[in-house]
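# Fold and contact review
What follows is the residue order along each chain.
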Amino acid sequence: MAQRTQGSGRRVVVIDGARTPFIKAQGRPGPFSPVDLAVAAGQALMLRQPEAMAAVEEVILGCGAPTSEAPNTARVAALRIGLGEDIPAFSVQRNCGSGMQSIDTGYKYIADGRADVILAGGTDALSHAPLELKSETAEWLADLRSAKSPQRLKVAAEFRPRMAEPVVSLIRGLTDDVVDLGMGETAEVLAHEWQITREAADTYALGSHNRLARVQDEGWLEEEVVTLFSPDGKVYDRDDGVRPNTSMDKLASLDAAFEPPHGQVTPGNSSQVTDGAAWLILASEEAAEKLGAEPLGVIEDSEWAALDPKRMGLGPVLASTPVLTRHGLSLDDLDLWEINEAFAAQVLACLAAWQDKAFCKDRLGLDSALGAIKRDKLNIDGGAISLGHPVGASGTRIVLHALNALKRTGGKRAIATECIGGGQGGAMLVSSL
Ligand SMILES: CC(=O)SCCNC(=O)CCNC(=O)[C@H](O)C(C)(C)COP(=O)(O)OP(=O)(O)OC[C@H]1O[C@@H](n2cnc3c(N)ncnc32)[C@H](O)[C@@H]1OP(=O)(O)O
């Protein structure tokens, strides 16, 4: 594994952050596009932090599945938020790591002295994933357009009902073409290799729902989550994928989603397909001081790693471990961990890998196993299994939530980390002030 030393740039703080509720996709386009979601969260920050937002010099937004109306989602969102036409904006795409990539890029710009204040975030409306035409249908349409009028009827008659079936690009987007495996199938690979039982995965999933239900009821997410109003007058003020009444029996009754009939990965222990957006205002420590801000915390370090796409779910292990090594930290030195819950089996495989001496030696270059992360430090308020996973937004959400949870619990340091389709992992070390 390549080693690098910790950067020596300027200290970068997070002034504030906000996100939309994560809204479960219901099999048809939801009420908000990726831009709408980013605008709603951004305008809430504008009201809460007018001075800091007025000081923003660049906008960076991750989006896993941009829509054709707004390929540079960041620029359209920045203009609609009202940041001004003179503020540049660009979008980044690193699949499920997009919303962490935007923070990392902003963090490095500020650390290097290239900017003082940056708005960085992520958005996705997976319910709006475009429906693509089959190439057979596209060819038929082209023939129809170019046919002279006497022939047009003949071409029109060549239409067959199968040609109306779309290629659903969400499924394509959640499939790794290189290894020809869906994301859920990669979780099955890990469940098999790391002997994650169905019961262990369902127990983990039940905990995710119970934890989210608890913080929602206690009102802890109110500072983080802004309220949305849809054009038809519906109010969205909480993550609606949570199932407070789920149980081990209900979870055990669900069929395997990706490898029926014997697979371990079900709708109950997978992340949900969701719409949502999140932003952070990043600043140099000096700029934050000048603005009179009371920052949420500090971005201390970040790391990206790559691995076999079939085992992409182990990305958090490969990305987080070098951060631990650079800072001389053990797994237990972190007060909190946010490991994005792409799949319960995948999170549990990461935990198992850190406890496996041979893996730690061969893959991480360590002398011994790193050990266990205690469940009471891991995803303490639920995660993508209960909240949902709008892929481009999740990386920003876990960093924002790690900072908010540190503040609430009085903790000092957290790592937010995620696996990334295509065989990558991202990790970010944050601390409270
Ligand atoms: C790098 C990465 O991050 S990779 C990850 C990227 N993201 C993904 O791959 C997304 C993974 N998830 C999925 O693809 C989808 O959620 C699937 C295919 C697993 C399931 O999709 P759907 O069938 O639409 O899920 P849905 O949530 O509607 O659940 C189906 C049924 O299971 C049941 N169910 C699901 N969860 C629960 C639960 N916790 N408790 C009880 N029942 C449940 C329900 O009966 C539900 O039907 P309902 O409409 O009556 O409520």
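Every residue gets a number counted from 1 within its own chain, in the order that chain's sequence is written. With pLDDT at 70 or above as the cut-off, local features in this predicted model cover only qualifying residues; side-chain atom pairs require 80 or more to be listed or tallied, and sums for whole chains, interfaces and linings still use all residues. The side-chain numbers reported here are obtained from all heavy atoms of the structure, hydrogens and water having been left aside.

### A short note on the overall build of the protein chain
For clarity, the threshold we go by: Labels follow the DSSP assignment, with helices taken as runs of H or I lasting at least four residues and strands as runs of E lasting at least two, numbered in each case from the N terminus. Computation of the radius of gyration draws on C-alpha atoms, with the globule rule given as 2.2 Å multiplied by the number of residues to the power 0.38. The buried label applies to any residue whose accessible area, calculated with a 1.4 Å probe on protein chains only, is under 20% of its type's maximum; exposed applies above 50%, and partly exposed to all values in between. In this analysis, two residues are considered to be in contact whenever any of their non-hydrogen atoms come within 4.5 Å of each other. Accessibility throughout is a Shrake-Rupley quantity obtained with a 1.4 Å probe, and a residue counts as covered only by protein chains that appear here.
Looking only at helices and strands, one finds 16 helices and 16 strands in the protein chain. Against the 2.2 N^0.38 benchmark of 22 Å for 433 residues, the protein chain shows a C-alpha radius of gyration of 22 Å, consistent with a compact globule. Expressed as lengths along the three principal axes of its C-alpha atoms, the size of the protein chain is roughly 75 × 55 × 45 Å. Within the protein chain, buried positions represent 56% of all 433 residues. Long-range contacts, defined here as pairs at least 24 residues apart, represent 80% of the contacts in the protein chain between residues at least 6 apart. With the model as given, the accessible surface of the protein chain reaches about 18,500 Å², and the carbon-plus-sulfur share is 51%.

### Concerning the UniProt feature "domain: Thiolase C-terminal" (unreviewed entry) in the protein chain
Selection criterion: UniProt positions are given in the numbering used here, feature names are shortened, and annotations may be inferred rather than shown by experiment.
UniProt marks residues 294–431 with the feature "domain: Thiolase C-terminal" (unreviewed entry), using the numbering shown here. Within the segment residues 294–431, helix and strand shares are 38% and 22% respectively, and the terminal C-alpha atoms sit 14 Å apart.

### A closer look at the packing of helix H4 (residues 98–111) against helix H16 (residues 391–409)
Heads up, the rule is: Between N-to-C directions, angles cover 0 to 180 degrees, with each direction set by a line fitted to C-alpha atoms, over the stretch in contact for helices. Under this scheme an angle from 65 to 115 degrees is roughly perpendicular, one under 35 degrees roughly parallel, and one over 145 degrees roughly antiparallel; angles in between are oblique. Under the grouping applied here, Gly and all other residues not named as nonpolar or charged are polar, the nonpolar ones being Ala, Val, Leu, Ile, Met, Phe, Trp, Tyr, Cys and Pro and the charged ones Asp, Glu, Lys and Arg.
Relative orientation of the contacting elements H4 and H16 amounts to 60°, with a least axis distance of 4 Å. Here H16 runs oblique to H4, going by the angle between their axes. Between H4 and H16, the contacting residues are Ser98, Gly99, Met100, Ser102 and Ile103 on the first element and Gly392, Gly395, Thr396, Ile398 and Val399 on the second. In terms of residue class, the contact of H4 with H16 is built from four nonpolar, six polar and no charged.

### Observations concerning the environment of Ala138
On the secondary structure map, Ala138 appears in helix H5 (residues 135–146). Taking C-alpha positions, Ala138 is 9.0 Å from Met163, a pair spaced 25 residues apart along the chain.

### Observations concerning the UniProt feature "active site" (unreviewed entry) in the protein chain
Those residues carrying the UniProt feature "active site" (unreviewed entry) are Cys96, His389 and Cys419 in this numbering. Their sequence span is 324 residues, while the largest C-alpha to C-alpha distance among them is just 12.0 Å; these annotated residues converge on one region. Considering the arrangement of structural elements, one finds Cys96 in the loop between strand E4 (89–92) and H4. Structurally, His389 can be placed in the loop between helix H15 (384–387) and H16.

### Observations regarding the pairing of strand E16 (residues 424–431)
Defined as follows: DSSP calls a pair of strands paired once it identifies at least 2 bridges connecting them.
Within E16, seven of the eight residues are buried, which leaves it mostly tucked inside the rest of the structure. Relative to E16, strand E13 (residues 297–306) runs antiparallel, the two sharing eight bridges. Along E16, the bridge assignment pairs Asp301 with Leu429. Pairing of strand E15 (residues 413–420) with E16, which is carried by eight bridges, proceeds in the antiparallel orientation. Across the sheet, the residue bridging to Ala416 is Met428, located in E16.

### Considering the nonpolar core
In globular proteins that are soluble, nonpolar side chains generally tend to be buried together. For the record, the criterion: Take the buried residues of types Ala, Val, Leu, Ile, Met, Phe, Trp, Tyr and Cys, join any two whose side-chain atoms come within 4.5 Å, and each joined set is a nonpolar core.
Counting 39 residues, the largest nonpolar core has Leu314 and Trp337 as the members making the most contacts within it. Among the elements of the structure, helix H8 (183–193), helix H9 (198–218), helix H12 (315–327), strand E14 (336–339), helix H13 (344–354), helix H14 (357–362) and E16 are those that each provide at least two residues to this core. A per-element tally of this core places H13 first, with nine residues. Apart from residues lying up to four places away in sequence, Leu314 is in contact with Leu190, Trp194, Leu307, Ala349, Cys350, Ala353 and Phe359. Judged by nonpolar contacts, the second largest core, of 38 residues, contains Leu37, Ala287, Ala288 and Val298.

### A closer look at the site of the ligand
Here is the rule we go by: We define proximity as follows: a residue is near a molecule or strand when any one of its heavy atoms falls within 4 Å of that partner. In protein, a polar contact requires one atom able to donate a hydrogen and another able to accept it; more generally it is a pair of N or O atoms within 3.5 Å, and residues adjacent in sequence count only if both atoms are side-chain atoms.
Taken together, 24 residues are adjacent to the ligand, and Lys24, Cys96, Thr246, Ser271 and His389 come closest. Thr246 is positioned with one of its side-chain polar atoms (N or O) 2.6 Å from a nitrogen atom of the ligand. Within the side chain of His389, a nitrogen or oxygen atom sits 2.7 Å from an oxygen atom of the ligand. Of all the elements in the fold, those that place two or more residues in the shell around the ligand are helix H10 (248–252) and E15. In terms of residue class, the shell around the ligand is made up of 14 nonpolar, seven polar and three charged.

### Considerations on the pattern of salt bridges
Side chains that carry opposite charge are capable of pairing whenever their charged atoms lie near each other. We apply this condition: Definition used for salt bridges: Asp or Glu carboxyl oxygen within 4 Å of a side-chain nitrogen of Lys or Arg.
This structure, assessed with the given rule, holds 21 salt bridges. Residue Arg198 pairs with Asp202 through a salt bridge whose shortest N-O separation is 2.9 Å. Of this pair, Arg198 and Asp202 both sit in helix H9, four residues apart, roughly one helical turn. Two residues, Asp217 and Arg238, come together in a salt bridge whose shortest N-O distance is 4.0 Å. Highlighted residues: Asp217 in helix H9 and Arg238 in the loop between strand E11 (235–236) and H10, separated in sequence by 21 residues. Taking relative accessible area as the criterion, Arg238 reaches 41% and is therefore assigned partly exposed. What emerges from the salt-bridge pattern is a single network uniting Arg10, Asp116 and Glu286.

### Things to note about H16
Stated formally: Helix span, expected: 1.5 Å multiplied by one less than the number of residues in the helix.
Its 19 residues give H16 an end-to-end C-alpha distance of 27 Å, which sits within 8% of 27 Å, the value for a rise of 1.5 Å per residue. With 16 of its 19 residues buried, H16 lies for the most part within the structure. Downstream of H16 by a residue or two, Gly410 has a phi angle that is positive, lying close to 75°.

### Observations concerning the packing of helix H1 (residues 34–48) against helix H3 (residues 73–81)
Formally: Take the far helix as your reference; a near helix turned counterclockwise from it by less than a right angle gives a left-handed crossing, and one turned clockwise gives a right-handed crossing.
Between H1 and H3, the least distance of the axes is 9 Å, while the angle of their chain directions is 45°. The pairing of H1 with H3 is recorded here as oblique in orientation. The handedness of the crossing between H1 and H3 is right-handed. Contacts from Pro34, Val35, Asp36, Ala38, Val39, Gly42, Gln43 and Met46 in H1 reach Thr73, Val76, Ala77, Arg80 and Ile81 in H3. Among the residues making up the contact of H1 with H3, the classes are represented as eight nonpolar, three polar and two charged.

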